[in-house]
Amino acid sequence: MGEVTVTNVTEYQAIAKQKLPKMIYDYYASGAEDEWTLQENREAFARILFRPRILIDVSKIDMTANVLGFKLSMPIMIAPSAMQKMAHPDGEYATARAASAAGTIMTLSSWATSSVEEVASTGPGIRFFQLYVYKNRKVVEQLVRRAEKAGFKAIALTVDTPRLGRREADIKNRFVLPPNLTLKNFEGLDLGKMDQANDSGLASYVAGQIDRTLSWKDVKWLQTITTLPILVKGVITGEDARLAVENGAAGIIVSNHGARQLDYVPATISALEEVVQGAAGRLPVFLDGGVRRGTDVFKALALGAAGVFIGRPVVFSLAAAGEAGVSNVLKMLKDEFELTMALSGCSSLADITRNHVVTEAEKLGVMPSRL
């Protein structure tokens, strides 16, 4: 390639912007309303500083992580992002292969342009399935059954979307799923009376079918129809973390939906500690949102996360270079994280402690000194 070597994750965004039609780039890149949270998801990481420990043997670094009993090469996983074939013809196939090759987990969006069966056909790999709860519970059951049958290992239930957030770029661009693509997980499902929705109409139909009555009782109901562990995705308060524990969740993904839902919620890295304290060690807490560097991964783990999920870096690198792009993002993050561990004096994930970072609140003297 005649292009300049990509040396960090963020550089893929500019390449994607250049390559993709405006409507598609904007769909992936934009956030809700003023996009304050979109910016804050990144900026909040920059306000956390390191307290590296020196003269510690870091000749061997072990980054292996355990997620719901699965052993991963690193605590960096792929978040669910919708309609990946808009980014690249290989779409979710490429993402699945890259995740599997890197020894990590891919979460497939239920609004994917490839089905659970198609993704499973790419070969072995640990995969989670993201789920929205629809008004028609039979549709939900069919989706869960298909994911189970295709060998998916967990359900990531998105709970921050009783209604879709207001993404003004999509309104301006009159966003529609390109005519050659379809939401493959809904093909062949019995959608009830709305079966006649055509492909381009399917996306808006499906979005309109999200159940606004969704509550904790439905999280309980989900446990009656599947034995798969349920990760609750979209928790950003300690109160809801406690409720997640009480209602049998297997884990929490601290997420603000890539800042695409409610604007002016805190960055996920800022909400993380409160959620971790609410969960009180009774279930693993993961962070989704704004991770672009190995240093970000380390900061999340120091503040109590068991791992992180990346979203936009996947679709941008996919747009730029297909499977190789996604593989490169995972490799760069892993290499940077390994370096951060070494320079902080940590040779395994268990060595990463709260004392390795200092947050804004502590710098301002809001929190008691740790000494």
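What you are looking at is a predicted structure, and each value in this text was computed from that prediction instead of being measured. (Residues numbered from 1 in each chain as written. Predicted model: local features only at pLDDT ≥ 70, side-chain atom pairs only at ≥ 80, totals over all residues. Heavy atoms only, no water.)

1. Re the environment of asparagine 256
- Note that asparagine 256 resides in the loop between β9 (251–254) and α11 (268–279).
- With a relative accessible area of 3%, asparagine 256 lands in the buried category.
- Residues asparagine 256 and threonine 161 lie 95 residues apart in sequence; the distance between their C-alpha atoms is 9.8 Å.
- Ignoring sequence-local partners within four residues, the contact set of asparagine 256 consists of Thr37, Asn41, Asp160, Gln261, Val265, Pro266, Ala267 and Thr268.
- From its side chain, asparagine 256 meets the backbone nitrogen of alanine 259 in a polar contact 2.9 Å long.
- At 3.2 Å, the side chain of asparagine 256 forms a polar contact with the backbone oxygen of proline 266. (Helix = DSSP H or I, 4+ residues; strand = E, 2+ residues; numbered from the N terminus. Buried < 20%, exposed > 50% of the residue type's maximum accessible area, 1.4 Å probe, protein only. Contact = heavy atoms within 4.5 Å. Polar contact = N/O pair within 3.5 Å; in protein donor to acceptor, adjacent residues only side chain to side chain.)

2. Considerations on helix α10 (residues 238–246)
- Within α10, the full set of buried residues consists of Gly238, Ala241, Ala244 and Val245. Taken around the axis of α10, the buried residues stretch over an arc of 110 degrees, which confines them to a single face.
- On its buried side, α10 packs onto α9 (216–225), β8 (230–235), β9 and α11.
- At the C-terminal side of α10, glycine 248 shows a positive phi close to 80 degrees. (Arc of directions from axis to C-beta.)

3. Things to note about the packing of aromatic side chains
- Within the structure shown, the criterion is met by nine aromatic pairs.
- Their ring planes at 15 degrees and their centres at 5.6 Å tell us that tryptophan 36 and tyrosine 264 sit as a pair that is stacked. On the criterion of sequence distance, the pair formed by tryptophan 36 in helix α3 (residues 36–46) and tyrosine 264 in the loop between β9 and α11 is long-range, its members being 228 residues apart.
- Counting every residue linked through ring pairs, the aromatic cluster contains Tyr27, Tyr28 and Phe175.
- We note arginine 137 situated over the ring of tryptophan 221; from NZ or CZ to the ring centre the distance is 5.6 Å.
- When the ring centre of tyrosine 27 is taken as origin, the NZ or CZ atom of arginine 260, which lies over that ring, is 4.9 Å away. (Phe/Tyr/Trp six-rings, centres within 6.5 Å; stacked < 30°, edge-to-face > 60°. Lys NZ or Arg CZ within 6 Å of the ring centre and 35° of its normal.)

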